[in-house]
Structures are given as structure tokens and as C-alpha cells.
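Next come the chains, spelled out residue by residue.
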Amino acid sequence: MHKKYIVRLNETERQTLKEVIKKLKGTSQKVRRAQILLKADADGPAWTDAKIAEAFNCRVQTIEKLRKRLVTEGFELALNGKKRRTSPTEPLLDGRGQAQLIALRLGKPPVGYGKWTLQLLADELVALEIVESISYETVRRTLKKMA
């Protein structure tokens with residue numbers, strides 16, 4: 001089968017990929033993309049997509065997509081991947097909710113408690129109907145972000 005997108009790396013790109021693999025720079029996906037691109041290099045090993053897929057335990061389509069991205073969108077995008085435009089989930093607390101959480105945190109804790117705990121804050125946010133449900137971990141991350 002004739003390949004539509006042929007990977008031809010220049011020396012600088014090859015060095016960058018080798019560096020990423022050697023030092024395990026970046027995410028595991030980035031390292032894997034670097035390995036795949038090096039093996040797919042027409043001026044290098046020029047492995048077949050099937051051989052690459054077997055070696056790196058992925059699908060042939062993954063290799064084809066990576067080849068296409070390299071040719072159409074450039075080396076940087078092929079190596080690093082695209083950044084998400086939006087978060088996969090909407091944040092539970094908007095600006096107003098965050099402000100209410102901080103106001104709660106700075107206020108007096110409920111009777112019988114010496115201080116606010118993360119669980120108490122989470123329970124209070126639900127009781128005040130600021131959110132339908134929220135974990136203490138989300139409360140912790142929100143407060144940490146605000147600090």
C-alpha cells in the first residue's frame with residue numbers, strides 16, 4: 001500500500017525526538033509519539049505502520065493520524081499534540097460560588113466545631129444550595145487555587 005503522508009525528519013527534529021526519548025521529557029504520550037515518529041522516518045528505519053503499531057502496542061490508525069498531523073500541521077503539533085480548548089467537565093463552582101466558599105471559610109464554623117473542615121465546607125455548600133453536590137477534594141483544590 002502506498003502511504004499518503006510520508007515522514008521525513010531533518011537532523012534537528014531527529015535530535016529533538018531522541019532527546020525526548022532519552023530523558024523521558026514530557027508526558028508518556030509525547031515520548032510515545034517521539035518513538036513512533038523516529039521509527040516512521042523514511043530517511044531512517046522506515047518501519048511499516050503495522051510493525052510500529054505492534055512495537056508500541058497501539059493501532060495502525062494511531063500511526064496514520066500521527067503521520068498526517070506531522071505532514072499537515074507540523075512537527076511541534078505532531079510531537080506535543082493539541083491543547084484542549086475547553087475542560088472536559090464544567091467547573092462546579094463559578095466565580096460567585098468560589099466567593100461564597102471563601103466567605104464561608106472565613107466565617108465562624110458551625111456550633112460544636114472549632115474550625116471548618118473541607119467536608120464541613122462541602123456539606124454547607126450543598127445545604128445552602130450553591131451546588132447540588134461537591135466533594136471535599138474539589139473544595140480543597142478550589143481553596144488551594146485561591147491561596
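Below or above, wherever it landed, is the structure these notes cover. Small disclaimer: the values here were computed from a predicted structure and weren't measured.

Looking now at the overall build of the protein chain. In terms of helices and strands, the protein chain carries eight helices and zero strands. Sequence-ordered secondary structure for the protein chain, helices as α and strands as β, is α-α-α-α-α-α-α-α. Taken over C-alpha atoms, the radius of gyration comes to 24 Å for the protein chain, far larger than the 15 Å a tight globule of 147 residues would show. With respect to the three principal axes, the spread of C-alpha positions in the protein chain is 75 × 30 × 25 Å. For the protein chain, the proportion of its 147 residues judged to be buried stands at 30%. Residue pairs at least 24 apart in sequence account for 49% of intrachain contacts in the protein chain once pairs closer than 6 positions are excluded. Entry remark: accessible area of the protein chain is about 10,500 Å², with carbon and sulfur atoms responsible for 52%. Each charge class in the protein chain was averaged separately, 30 positive and 17 negative side chains, and the resulting centres sit 4 Å apart.

The N-to-C vectors of helix α1 (residues 11-23) and helix α2 (residues 28-40) enclose an angle of 135°; their axes lie 9 Å apart at closest approach. One way to sum up the angle between α1 and α2 is to call them oblique. Of the two elements, α1 crosses α2, and the hand of that crossing is left-handed. Every residue of α2 that contacts α1 at Arg-14, Leu-17, Lys-18, Val-20 and Ile-21 is listed here: Lys-30, Val-31, Ala-34, Gln-35, Leu-37 and Leu-38.

This part is about α1. When the terminal C-alpha atoms of α1 are compared, their 18 Å separation across 13 residues agrees well with the 18 Å that a helix rising 1.5 Å per residue should span. Buried within α1 we find Glu-13, Arg-14, Leu-17 and Val-20. Looking straight down α1, one finds its buried side chains confined to an arc of 125°; they lie on one side. Exposed and oriented more than 90 degrees from the buried face of α1 are Thr-12, Lys-22 and Lys-23. Residues of α1 that are buried make contact with α2 and α5 (75-80). Leu-24 sits one or two residues past α1 and shows a positive phi near 50°.

Contact pair helix α6 (residues 95-106) / helix α8 (residues 136-146): the axes reach a minimum separation of 11 Å and the direction vectors enclose 90°. Judged by the inter-axis angle, α6 sits roughly perpendicular to α8. Seen from α6, the contacting residues are Gln-98, Leu-101, Ile-102 and Arg-105; seen from α8, they are Val-139, Thr-142, Leu-143, Lys-145 and Met-146. When grouped by side-chain class, the residues that make up the contact of α6 with α8 number five nonpolar, two polar and two charged.

Scoring rules and cut-offs
Residues numbered from 1 in each chain as written. Predicted model: local features only at pLDDT ≥ 70, side-chain atom pairs only at ≥ 80, totals over all residues. Heavy atoms only, no water. Helix = DSSP H or I, 4+ residues; strand = E, 2+ residues; numbered from the N terminus. Rg over C-alpha atoms; globule rule 2.2 N^0.38 Å. Buried < 20%, exposed > 50% of the residue type's maximum accessible area, 1.4 Å probe, protein only. Contact = heavy atoms within 4.5 Å. Areas by Shrake-Rupley, 256 points an atom, 1.4 Å probe, with all protein chains shown as cover. Lys, Arg positive; Asp, Glu negative; His and termini not counted. Charge placed at Lys NZ, Arg CZ, Asp CG, Glu CD. Axes fitted to C-alpha atoms, helices over the stretch in contact; angles between N-to-C directions. Parallel < 35°, antiparallel > 145°, perpendicular 65-115°, else oblique. Left-handed = near helix turned anticlockwise from the far one by under 90°. Expected span 1.5 Å × (residues − 1). Arc of directions from axis to C-beta. Nonpolar A, V, L, I, M, F, W, Y, C, P; charged D, E, K, R; others polar.

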